[in-house]
Amino acid sequence: MATGGISRTFCQQHHLQRLFQDHYRRPSFVQWKDTSSLVTGDPERITVTNPANGKELCTVDTASSEEVEWAVSHAQTIFDSGIWSKASSLHRASVLSQLADSLQRRIPDMARIDTLQTGRPIREMTAQMTRLPEWLSYYAALLRTNQGFVAPTQGKLLNYIQRVPLGVVAQITPFNHPLFIAIKKIAPALAAGNSVIVKPSELTPISLLEFANLTQEAGLPDGVLTILPGYGHTTGKQLATHSLVRKVDITAGTQTGRALGAIVGSNLSAFTAELGGKAPILIFDDADVVSAVNGVAFAAFVASGQTCISGTRIIIQENIYESFMAKFLKKVESITQGMGDPMNERCSMGSIISPHHLNRIEDMVTRRQSGTVLAGGKRMLGKSLLDHFDFSQGSFYPPTVISDVDISDELWQEEIFGPVVVVKKFSTESEGVRLANASRYGLGAGVWTQDLSRAHRVAADIDAGLVWVNTYHRNDPSSPWGGMKESGIGRENGVEALEAYSQSKSIIVNVASADMSRQTDDWFSGEQKRYG
């Protein structure tokens, strides 16, 4: 038995090592046709690290300024060739369906890769990865079923509307859902017929580079999808400022969104931005307490709280406050005790993405001006109760609950991007809604109540682009996703995303006979004619 266990462990470790190249070189993100004119030199390299143990996973060549310029120009050439931009909707749908199948076969490997580069639990990443092919399949289905539009016109005219691609589009994706958020953006962009360039987070580029390797076997022409690893202030900025880039789509913090939005706007290019959040969750007296506790725990602590949609402001009606908090704190304790090696299938919550981000979380909690820490509040340094994993080797922070934080405090107002929630009582429905809206953000929100009328009423009154009732963080490729106020511009998912990656083209055809056209269309004959 012992020998068999050692053998399985060795095989698993050997397989994980084979998931990564020692070094990702230029050809992995640009299919060069002619490099003779490029002065490349030694590239700057990104070291990708496992945040759970601080160990190096591999290195990645960043794209130089010259290579970014070449990639954009090449993407425009591919677009102009029409090999993808003018391919039939049925052909594009077929390729996306094949790409979904290819991704489906690689789900176990992709889950392991994202666990290693994000520190998120393997159970979490496997569950997320199983959903990804749905986005590719959904947009393939939209292409097959989407119907055109004929506008009503006066006279003998046929006015039909086409949706045509924008051209070269750039996408800048974050570290927290490396492949998931990328696929959410890539699928509609490809479906619309664009040439797509993606700059992944420098912290987590590997799964997207691996995904790009699947596109050729699925039939996507070379140069239609390009991955450019690099840093936001160099590669990302160069893409956003490029005059050939007709749309920029980012998931980032609000400050970054403002800066890039100003740049993109100066080029009169389209802009979609899913930005920061500080999601409130309202729990009313009549809520099912157990369901609410489970839902809030998921909302707050999945991905170690490193999501823009994370439920971080828990607002509880006074008559249920004590019973909710007693059960919630027990749930928090069980999550903390279940933390360990993210590769352990039983691990409840993983690490923070980097020491820098860990320090930021710790600093925000330490410098708060109000509130009492009820659970957590300090970085984890000891050994795991689950599997004796050494937390001190990585960037771990426990689920943290802080009560009685003033609404003017930084912890109430600013996105912390970590497993930290603030809890507050409310009395009346109007007070609860007021507290929920006491934020400059408006991405998501949750409501727990058994009162159907109240559920609809409160959901309508909360200023957020997404409101879940008696559940949280449900996502589907058909459901629009985006924020209000300072949480962003535009929407991901659904028909809206496909249309945002295309533009309408109105074609008006005179179907009148030549004789009729002579009678009606000579404006300068002196007789009264139809104008316009």
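Further up the page is the structure itself.
Residues numbered from 1 in each chain as written. Predicted model: local features only at pLDDT ≥ 70, side-chain atom pairs only at ≥ 80, totals over all residues. Heavy atoms only, no water.

Asker: So what exactly am I meant to see when it comes to the packing of helix α12 (residues 289–301) against helix α13 (residues 318–337) here?
Answerer: A pair of packed helices is characterised by two quantities: the angle between their axes and the separation of those axes. In contact at an axis separation of 9 Å, α12 and α13 are set at 50 degrees when each is read in the N-to-C sense. Taken together, α12 and α13 sit at an angle that is classed as oblique. The handedness of the crossing between α12 and α13 comes out as right-handed. Taken together, the residues of α13 that come into contact with α12 (itself represented by Val-289, Val-290, Ala-292, Val-293, Asn-294, Val-296, Ala-297 and Phe-301) are Ile-320, Ser-323, Phe-324, Lys-327, Phe-328, Lys-331, Val-332 and Ile-335. Split by residue class, the contact of α12 with α13 holds 12 nonpolar, two polar and two charged. (Axes fitted to C-alpha atoms, helices over the stretch in contact; angles between N-to-C directions. Helix = DSSP H or I, 4+ residues; strand = E, 2+ residues; numbered from the N terminus. Parallel < 35°, antiparallel > 145°, perpendicular 65-115°, else oblique. Left-handed = near helix turned anticlockwise from the far one by under 90°. Contact = heavy atoms within 4.5 Å. Nonpolar A, V, L, I, M, F, W, Y, C, P; charged D, E, K, R; others polar.)

Asker: Any chance you could explain the sheet that holds strand β6 (residues 168–172) here in plain terms?
Answerer: Strand pairing in a sheet is mediated by backbone hydrogen bonds. Such pairs are either parallel or antiparallel. The sheet built from six strands is open, its strands ordered β8-β7-β6-β9-β10-β20 with mixed pairing. Of all the strands in the sheet, the pair left with one neighbour each is β8 (225–227) and β20 (488–489). Sheet topology note: the strand β9 (residues 245–251)/strand β10 (residues 270–274) ladder contains five bridges and is parallel. When the bridges of β10 are listed, Ile-250 appears paired with Ala-273. Taken strand by strand, helix α2 (residues 65–81) contacts β6, β7 (195–199), β8 and β9, and its axis lies near 155 degrees from that of β7. Running at roughly 160 degrees to β7, helix α10 (residues 232–241) makes contact with β6, β7 and β9 of the sheet. (Pairing = 2+ DSSP bridges.)

Asker: Can you help me understand the pattern of salt bridges in this one?
Answerer: Side chains that differ in charge, positive against negative, can pair when their charged atoms come close. Under the definition given, this model contains 21 salt bridges. Here Glu-410 and Arg-367 are joined by a salt bridge, their closest N and O atoms 2.9 Å apart. Of this pair, Glu-410 sits in helix α15 (residues 410–413) while Arg-367 sits in the loop between α14 (355–366) and β13 (372–375), placing them 43 residues apart in sequence. Relative accessible area serves as the criterion here: at 28%, Glu-410 is assigned to the partly exposed category. What makes Arg-367 partly exposed here is its relative accessible area of 43%. Salt-bridge contacts for Arg-440 lead to Glu-414; the nearest nitrogen and oxygen are separated by 2.8 Å. (Salt bridge = Lys/Arg side-chain N within 4 Å of Asp/Glu carboxyl O. Buried < 20%, exposed > 50% of the residue type's maximum accessible area, 1.4 Å probe, protein only.)

Asker: Quick question: what am I supposed to make of the sheet that holds strand β21 (residues 502–510) here?
Answerer: Pairing within the open sheet is antiparallel, and its three strands lie in the order β4-β5-β21. This sheet does not close on itself; its edge strands, each paired only once, are β4 (149–151) and β21. Going across the sheet, the axis of each strand differs from the next one's by a mean of 35 degrees, ignoring polarity. Taken together, the three bridges between β4 and strand β5 (residues 157–165) define a ladder with antiparallel strand orientation. The residue of β5 that forms the bridge with Phe-149 is Ile-161.

Asker: I keep staring at unusual backbone geometry and nothing clicks. Help me out?
Answerer: Peptide bonds are trans in most cases, and residues, glycine excluded, mostly fall at negative phi. Phi at His-388 takes a positive value of approximately 65 degrees, unusual for a residue other than glycine. Topologically, His-388 is positioned in the loop between β13 and β14 (400–403). Note on His-388: relative accessible area 63%, which makes it exposed. In this structure, Lys-485 is a non-glycine residue whose phi angle is positive, near 50 degrees. Locating Lys-485 in the fold gives a position in strand β19 (residues 484–485). When its relative accessible area of 39% is taken as the criterion, Lys-485 is described as partly exposed.

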